[in-house]
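Structure assessment
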Amino acid sequence: MPNVRTVLTAALFGLFTVGFTITILAVSLPQIADDLNSSIGVLTWTVTGPLLGFAVVGPASGKLGDLYGHRRVYLLGLTGAAVFALATAAAPNAGLLVAFRVLSATFGAATGPASMAMINRMLPPERRAQAMGYWSLVMAGGPVIGVVAGGPVIEAYGWRWIFLGQFLFSIPALMVCWRVLPATARARNVRFDWQGSLLIAAGAGALVLAMNQGPQLGWTNPLVLGAFVLAPLGIWAFIAWERRTPDPLMPLRYFGKRNVAFPLATQMLTNGAYMGGFILTPLLLEDVLGYGPTRTGLISIFRPLAFAITGPLVGAIAVRAGERNVARIGALFVGGSMVALSMVGEGTTDIFIAGGLALSGIGMGATQPSMVATIANAVDENDLGVAGAAQQMLTQIGTVGGIQLLQTMQMVTEERSGLTGSYGNAYLLGAVLAAAGAVTASFIVSSNRPAPARRLRRQDREAPTAACRAA
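On a predicted model such as this, the values are computed, not experimentally measured, just so you know.

About the criteria used
Residues numbered from 1 in each chain as written. Predicted model: local features only at pLDDT ≥ 70, side-chain atom pairs only at ≥ 80, totals over all residues. Heavy atoms only, no water. Helix = DSSP H or I, 4+ residues; strand = E, 2+ residues; numbered from the N terminus. Buried < 20%, exposed > 50% of the residue type's maximum accessible area, 1.4 Å probe, protein only. Contact = heavy atoms within 4.5 Å. Areas by Shrake-Rupley, 256 points an atom, 1.4 Å probe, with all protein chains shown as cover. Core = buried A, V, L, I, M, F, W, Y, C linked by side-chain atoms within 4.5 Å. Polar contact = N/O pair within 3.5 Å; in protein donor to acceptor, adjacent residues only side chain to side chain. Phe/Tyr/Trp six-rings, centres within 6.5 Å; stacked < 30°, edge-to-face > 60°. Expected span 1.5 Å × (residues − 1). Salt bridge = Lys/Arg side-chain N within 4 Å of Asp/Glu carboxyl O. Patch = residues over 30% accessible without salt bridge, like charges linked within 9 Å, V, L, I, M, F, W, Y side chains within 5 Å. pLDDT = per-residue confidence, 0-100. Axes fitted to C-alpha atoms, helices over the stretch in contact; angles between N-to-C directions. Parallel < 35°, antiparallel > 145°, perpendicular 65-115°, else oblique. Left-handed = near helix turned anticlockwise from the far one by under 90°. Nonpolar A, V, L, I, M, F, W, Y, C, P; charged D, E, K, R; others polar. Lys, Arg positive; Asp, Glu negative; His and termini not counted. Charge placed at Lys NZ, Arg CZ, Asp CG, Glu CD.

Description of the overall build of the protein
Across its full length, the protein holds 19 helices and zero strands. The proportion of buried residues among the 471 residues of the protein is 56%. For the protein, the share of sequence-separated contacts (at least 6 apart) that also reach a separation of at least 24 residues comes to 83%. Accessible surface computed for the protein: about 19200 Å², of which carbon and sulfur atoms make up 67%.

Given below as structure tokens:
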């Protein structure tokens, strides 16, 4: 039976192959549009589509892992992501590019909840925050490597090599994961809730679509208005169905627990501020300070880099310090970053900007592992997959909502406050979101364990718990 460290390394290697293309795709849209004789407007669906795909399949993939084994779902997700990455590299036109990219990201989304569930099942509750710190390092560090390494590759060889590289990286990842990932027990006499899956897909997908397309199509566009109407109806129907079905997709009782509801709210709010600032900062640097793409990219790296470094460090001490305190301080760091960035204007130094961005990365690096572990410790082991999928789905909603709120604030206040002032207003709104995250974090109950969190040592690499043994 493989040890914990081996499984953690293998699962995160596969997760990296899925995630490192995320940021490089966004910055390479002009080159792709020229190559395929398309428009950036059409190709933005290569970014929007995966968000919708995840909202549709996220909870379903988590529940399928709980029912039929997370190893199976993880390997299926990684295989699908690799196959459609290769198809993306060979896409002859914009329509197929969007379709293949959505399918690749949708399959790849299953690796997140599955990897979280496998890792959390192998560790006692007091060790999960540290492991989720490494998980966060890969989730944040993968896109950083994509930006650093992907830019020169695109300039020298073209955008198709990025996705060909993803396919080639996926082959050894699949081979290693197939060999070392442990099988998890299958649930017996439980049916998959297809009705609930379709209803939450309709509600969450419509909400993400409306928030994402509202600024581009206009908030009164029939598509946007229709999506805003469908979203609450879908969510209401989902809740009504889950209350009466014997095998619910997502047990609603968990949302009445403090250590589920408040960590979810904290993640949504802080991630909304973090990602809103993530998208806004390059525009600020280029529009207000006149920075070029290279200088903007180098400065922007400080935020995800700080995130990637902080996650494992804080995860190792989260239980000793208390998850509530760590999350609250992390949210305040994100808020402080927003306040610092609201002061950026003519004459601001690169060091000040990089420091402000690093504050945001440190804040999210502290908050995310603690909240993931807190929720994992609050749910039954058989529901770890769907709990992880719910976190990712709601975090995506917070991401899209934060981006649109901050961008809308910048646009609607530009005439009154001027260009520089409008960016400042948007960042201050982000600070309000982060402060709200600090408030929700205050209601979390920290673990009460006297033993400090430790590094993964030899005795922790013993065989996993019986729940992780092959079904």
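Still more to cover.
Considerations on the nonpolar core
Formed by 33 residues in total, the largest nonpolar core has its most connected members in Val260, Val379 and Ile397. For this core, the element with the highest residue contribution is helix H19 (residues 384-441), accounting for eight residues. Residues Tyr74, Leu75, Ala81 and Val372 belong to the second largest nonpolar core, which totals 30 residues.

Topic: the environment of Arg128
Relative to the helices and strands, Arg128 resides in helix H9 (residues 128-157). By relative accessible area, Arg128 is classed as buried at 7%. Each C-alpha atom, one on Arg128 and one on Asn377, is 8.3 Å from the other, the two residues being 249 residues apart in sequence. Setting aside chain neighbours within four positions, we find Arg128 in contact with Asn120, Leu123, Ala373, Ala376, Asn377 and Glu381. Looking at Arg128, its side chain comes within polar contact range of the side chain of Asn377, at 2.8 Å.

Looking at the packing of aromatic side chains
Under the criterion given, the structure shown has nine aromatic pairs. Arranged with centres 6.1 Å apart and planes meeting at 35°, the rings of Trp219 and Phe228 form a pair that is tilted. With a relative accessible area of 38%, Trp219 lands in the partly exposed category. Taking relative accessible area as the criterion, Phe228 reaches 33% and is therefore assigned partly exposed. Centroid distance Phe262 to Phe443: 4.9 Å. Interplanar angle 20°. Geometry classified as stacked. With a gap of 181 residues between them, Phe262 in helix H13 (residues 258-287) and Phe443 in the segment after H19 connect regions that are remote in the sequence. Looking at Phe262, the relative accessible area reads 27%, which means it is partly exposed. Connected via pairs of aromatic rings, a cluster forms that spans Phe84, Phe100 and Phe107.

With respect to helix H6 (residues 70-89)
In this model, H6 (20 residues) spans 28 Å end to end at C-alpha, consistent with the 28 Å of a helix rising 1.5 Å per residue. Burial within H6 is extensive, with 15 of its 20 residues counted as buried.

Comments concerning the environment of Ser370
Within the fold, Ser370 resides in helix H18 (residues 350-378). Each C-alpha atom, one on Ser370 and one on Gln130, is 8.5 Å from the other, the two residues being 240 residues apart in sequence. Among the polar contacts made by the side chain of Ser370, one reaches the main-chain carbonyl oxygen of Ala366 at a distance of 3.2 Å.

A closer look at the pattern of salt bridges
For the coordinates displayed, the defined rule picks out four salt bridges. Two residues, Asp35 and Arg160, come together in a salt bridge whose shortest N-O distance is 3.5 Å. Highlighted residues: Asp35 in helix H3 (residues 29-36) and Arg160 in helix H10 (residues 160-180), separated in sequence by 125 residues. The class of Asp35 is partly exposed, set by a relative accessible area of 43%.

Some thoughts on the side chain of Lys63
Along the chain, Lys63 falls in helix H5 (residues 45-68). At a separation of 3.2 Å, a polar atom in the side chain of Lys63 contacts the main-chain carbonyl oxygen of Pro248. The contacts of Lys63, once residues within four sequence positions are left out, are Phe192, Pro248, Leu249, Asp383 and Val386.

Things to note about a nonpolar patch on the surface
Residues Val339, Met343, Phe352 and Leu428 make up a contiguous nonpolar surface patch of roughly 350 Å² in combined accessible area. Relative to the helices and strands, Val339 resides in helix H17 (residues 323-342). On the accessibility criterion, Val339 (32% relative accessible area) is partly exposed.

Section: the confidence of the model for the protein
Across the protein, the average pLDDT comes to 82, with 89% of residues at 70 or higher. Mean pLDDT across the secondary structure elements of the protein bottoms out at helix H2 (residues 22-27), with 64, and peaks at H17, with 93. In this model, residues 450-471 is a region of pLDDT below 50 whose contacts with residues beyond four sequence positions or in other chains number 49 contacts.

Digging into the packing of helix H1 (residues 4-19) against H6
Direction vectors running N to C along H1 and H6 enclose 30°, while the axes themselves pass 10 Å from each other. In this view, H1 runs roughly parallel relative to H6, as classed from their interaxial angle. In the crossing of H1 with H6, the sense of the turn from one axis to the other is left-handed. Where H1 abuts H6, its residues Ala10, Ala11, Gly14, Leu15, Thr17 and Val18 lie against Tyr74, Leu78 and Ala81. For the contact of H1 with H6, the residue count by class is seven nonpolar, two polar and no charged.

Things to note about a negative patch on the surface
A contiguous patch of negative charge on the surface is contributed by Glu286, Asp287, Glu414 and Glu415. Of all the secondary-structure elements, those providing two or more residues to the negative patch are H13 and H19. Secondary-structure assignment places Glu415 in helix H19. The exposure class of Glu415 is exposed, given its relative accessible area of 82%.

Notes on helix H12 (residues 222-244)
With 23 residues, H12 should cover 33 Å at 1.5 Å per step; its first-to-last C-alpha distance of 33 Å lies within 8% of that length. Along H12, the residues classified as buried are Val224, Ala227, Ala231, Gly234, Phe238 and Glu242. Buried positions along H12 lie against helix H11 (194-217).

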